[in-house]
Structure formats: structure tokens, C-alpha cells
Amino acid sequence: MSYKESHYVSKPVDANGIAHYTEEENATWKILIERQLKIIENRACEEYIEGIQLLKMPMDRIPQCKDISAELKKATGWELEPVPALIPFDKFFHLLATQRFPAATFIRTREELDYLQEPDIFHEVFGHCPLLTNPAYAKFTHMYGKLGLKANKEDRAMLARLYWFTIEFGLIKKNNQLKVYGGGILSSKGETVYSLEDPKAERKPFDPLEALRTPYRIDIMQPIYFVIDSFDTLYDLTNMDLIGLIHEARELGEYDPVYQEK
């Protein structure tokens, strides 16, 4: 995804695939995961909780990419790829297309504990990796990467919008219960509660054309969330002509923002 230049620097991994974190960095992970596990209780979707249990993340230290990869590989064939703090779109799509999920190997500072604009190791591992154990979610993410590799610059911007409203900030409703599956929500202390419970937020049934026509900002609580009925909805997207939908959305025009512009 597109972010401003980061002031964080990712940790290099050694010959054994290990990134060496400080006591402070490991303590930050401990604070984040302990806090967020309490917040997502009864708010995260069942498939996410199953993924958390499969991955067996440590509580007292930042997990190593190679350890998460070993569990993902067994579940769906995916791996976690250590990357610099920010990577270009080409690299991002290439990794997804080869079933490798990028994870910047840095963690936020205590000063930015509650909100960080760029994705850190907590966002990527805690927010996204549990659902990569789900076949439908993993299939959609793989297809998305392959599609992004072929797309032109303009279409990639629209694909980013689809990713935003699903993988990053999606909600799911099953058995008449609204739950979270988007990694951007699940890794956020404030947005986990806000997305489900705040009356100011608008929650719409997911429609890919509607999502493609809806602008967003990355630095605010989302005013609009799209709700899927099951992960089969994401799987079904893999059989759609998404580039055709993008062109249709562009012809129809995007909706007026429901937030203030910067």
C-alpha cells in the first residue's frame, strides 16, 4: 500500500533468518499483543481466532518470520517475507503473487503505540497472518497479487481501494453477528471497537463495484466499512473480471468523500 516515507528502519535478518530485537522492542510487542487479545475477544471473526491458535505467537517477544512461515506453510502454503519498512507496489504484488506476505521487521515505538501510519511487524503478523491460514482468504490474497502484477498504474490504485475495504478494513456478518476480519482493524486498539460499535460508522453490504467507487483516507477512523457474509465472498472475487469492474467504476465515477479532505 502507499504510505509517506517512513522514519522506521527494519531489522536485518541474519544467515539463520533471525532478526535481533532489543528488550524494549520485545516489551512493546508484549504490551501490544496482550492488550489487543483482550480487545478482539468476541469481536474478531471465528476464522481469525482459529488462525491465532494455529500460529502460536509468542507473548513475550516479537515472533520471527521463519517461525510464522513454518505454520503458514503447513496451513495454506504461504510464507512471511522480511522486507524494508516500505516497499514499492511492484515488490508488494510480486510477493503476494508468489504466496509470500511482506512483513517489515520493525516495531512501533511506545510514543506511537496506539496508531502508526505505516505497517509494522505487529500489524502484519497479528493483523493479517492468522487469516492467511484460511484457504479462501489466502486464495484471494494470492489472486490479488497476480492481478496487481499485470495491472497498470491507474488500475493498481483502484485495486488498492479494493484491498483497503476487504483485507485491511473488512467486516463479516455470520449468524447475525458482526465481526472483524480486516487486519488494519484487528491490529488497532481504537478501531476494533469503533468499527463494530460506534453509531457514526456506516456499515454497508459488500459490493465490489461500490467499494471501488468509494474513496478513503488512511489516517482516520474509517467512516465506511463493507460487510461480507462469508469468506466465500472473497473467494468468488477470484473468478470475477476485476479489471473490467475497475473500468466500470471509473466510468461511473467515484462517490463524494464522506470525510474532510486533508
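Being a predicted model, the structure only gives us computed values, none of them experimental. (Residues numbered from 1 in each chain as written. Predicted model: local features only at pLDDT ≥ 70, side-chain atom pairs only at ≥ 80, totals over all residues. Heavy atoms only, no water.)

Colleague: Explain the overall build of the chain to me, please; I cannot follow it from the model alone.
Modeller: In terms of regular secondary structure, the chain is built from 12 helices and 6 strands. In summary, the chain has a C-alpha radius of gyration of 17 Å against a globular reference of 18 Å for 262 residues, a match within 12%. Counting only residues that meet the buried cut, the chain has 55% of its 262 residues in that class. Looking at charge distribution, the chain has the averaged site of its 32 positive side-chain charges lying 2 Å from that of its 41 negative ones. (Helix = DSSP H or I, 4+ residues; strand = E, 2+ residues; numbered from the N terminus. Rg over C-alpha atoms; globule rule 2.2 N^0.38 Å. Buried < 20%, exposed > 50% of the residue type's maximum accessible area, 1.4 Å probe, protein only. Lys, Arg positive; Asp, Glu negative; His and termini not counted. Charge placed at Lys NZ, Arg CZ, Asp CG, Glu CD.)

Colleague: Would you take a moment to explain helix α4 (residues 89-97) for this structure?
Modeller: Each α-helix winds once per 3.6 residues, and so residues spaced three or four apart point in a common direction. Among the residues making up α4, those that are buried are Phe92, Phe93, Leu95, Leu96 and Ala97. Buried positions along α4 lie against β1 (79-83), β2 (100-104), α6 (135-150) and α7 (153-168). A positive phi of about 55° marks Gln99, the residue just after α4. (Contact = heavy atoms within 4.5 Å.)

Colleague: Which parts of the structure should I look at to understand the packing of helix α1 (residues 23-40) against helix α9 (residues 189-197)?
Modeller: At their nearest, the axes of α1 and α9 sit 9 Å apart, and the two run at 5° to each other. Classified by the angle between their axes, α1 and α9 sit roughly parallel to one another. In this structure, α1 uses Arg35, Gln36, Ile39 and Ile40 to contact α9, whose residues at the interface are Lys189, Thr192 and Val193. (Axes fitted to C-alpha atoms, helices over the stretch in contact; angles between N-to-C directions. Parallel < 35°, antiparallel > 145°, perpendicular 65-115°, else oblique.)

Colleague: I keep staring at the packing of α4 against α7 and nothing clicks. Help me out?
Modeller: The description of two packed helices rests on the angle between their axes and on the distance between the axes. In the contact formed by α4 and α7, the axes pass within 12 Å of each other and the chain directions differ by 55°. Taken together, α4 and α7 sit at an angle that is classed as oblique. Crossing hand, α4 versus α7: left-handed. Every residue of α7 that contacts α4 at Phe89, Asp90, Phe92, Phe93 and Leu96 is listed here: Arg156, Ala160 and Tyr163. For the contact of α4 with α7, the class distribution of residues is 6 nonpolar, no polar and 2 charged. (Left-handed = near helix turned anticlockwise from the far one by under 90°. Nonpolar A, V, L, I, M, F, W, Y, C, P; charged D, E, K, R; others polar.)

Colleague: Where do I start with the pairing of β2 in this structure?
Modeller: Side-chain positions along a regular strand alternate between the two faces of the sheet. Within β2, 4 of the 5 residues are buried, which leaves the element mostly enclosed by the surrounding structure. Sheet topology places β1 next to β2; 5 bridges connect them, and they run parallel. What sits directly across from Leu80, in β2, is Phe101. Assessed by its sense of winding, the connection that carries the chain from β1 through α4 to β2 is right-handed. (Pairing = 2+ DSSP bridges. Right-handed = clockwise from strand over helix to strand, strands pointing away.)

Colleague: In this structure, what is going on with the side chain of Ser188? I would like to understand it.
Modeller: Take Ser188: it is sitting in the loop between α8 (183-186) and α9. Look at Ser188 and you get buried, because its relative accessible area is 14%.

Colleague: Would you explain the nonpolar core in this entry?
Modeller: Across soluble globular proteins, nonpolar side chains have a tendency to be buried as a group. In terms of nonpolar packing, the biggest core is built from 83 residues, with Tyr48, Met57, Tyr144, Tyr181, Phe231 and Leu234 touching the most fellow members. Top element by residues in this core is α7. It accounts for 8 residues. The contact partners of Leu234, leaving out residues within four places of it in the chain, are Tyr137, Phe140, Thr166, Ile167, Tyr181 and Ile228. (Core = buried A, V, L, I, M, F, W, Y, C linked by side-chain atoms within 4.5 Å.)

Colleague: Looking at this structure, I do not really get unusual backbone geometry. What am I missing?
Modeller: With the exception of glycine, the majority of residues adopt a negative phi angle, and the majority of peptide bonds are in the trans configuration. Non-glycine residue Asn42 carries a positive phi angle of around 65°. For Asn42, the location among the structural elements is in the loop between α1 and α2 (46-55). We classify Asn42 as exposed; its relative accessible area is 63%. Of note in this structure, Asn176 is not a glycine but carries a positive phi near 65°. Positionally, Asn176 belongs in the loop between β3 (171-174) and β4 (177-180).

Colleague: Explain the packing of aromatic side chains to me, please; I cannot follow it from the model alone.
Modeller: One pair of aromatic rings is described through two measures. These are the centre distance and the angle between the planes. Within the structure shown, the criterion is met by 18 aromatic pairs. Measuring from centroid to centroid gives 5.6 Å for Phe93 and Tyr144, while their planes differ by 45°, and the two rings are tilted. Note that Phe93 is positioned in helix α4 and Tyr144 in helix α6, a separation of 51 residues in sequence. Assessed through its relative accessible area of 0%, Phe93 is described here as buried. Here Trp164 and Tyr216 contribute two aromatic rings whose centre-to-centre distance is 4.6 Å and whose plane-to-plane angle is 15°, an arrangement assigned as stacked. (Phe/Tyr/Trp six-rings, centres within 6.5 Å; stacked < 30°, edge-to-face > 60°.)

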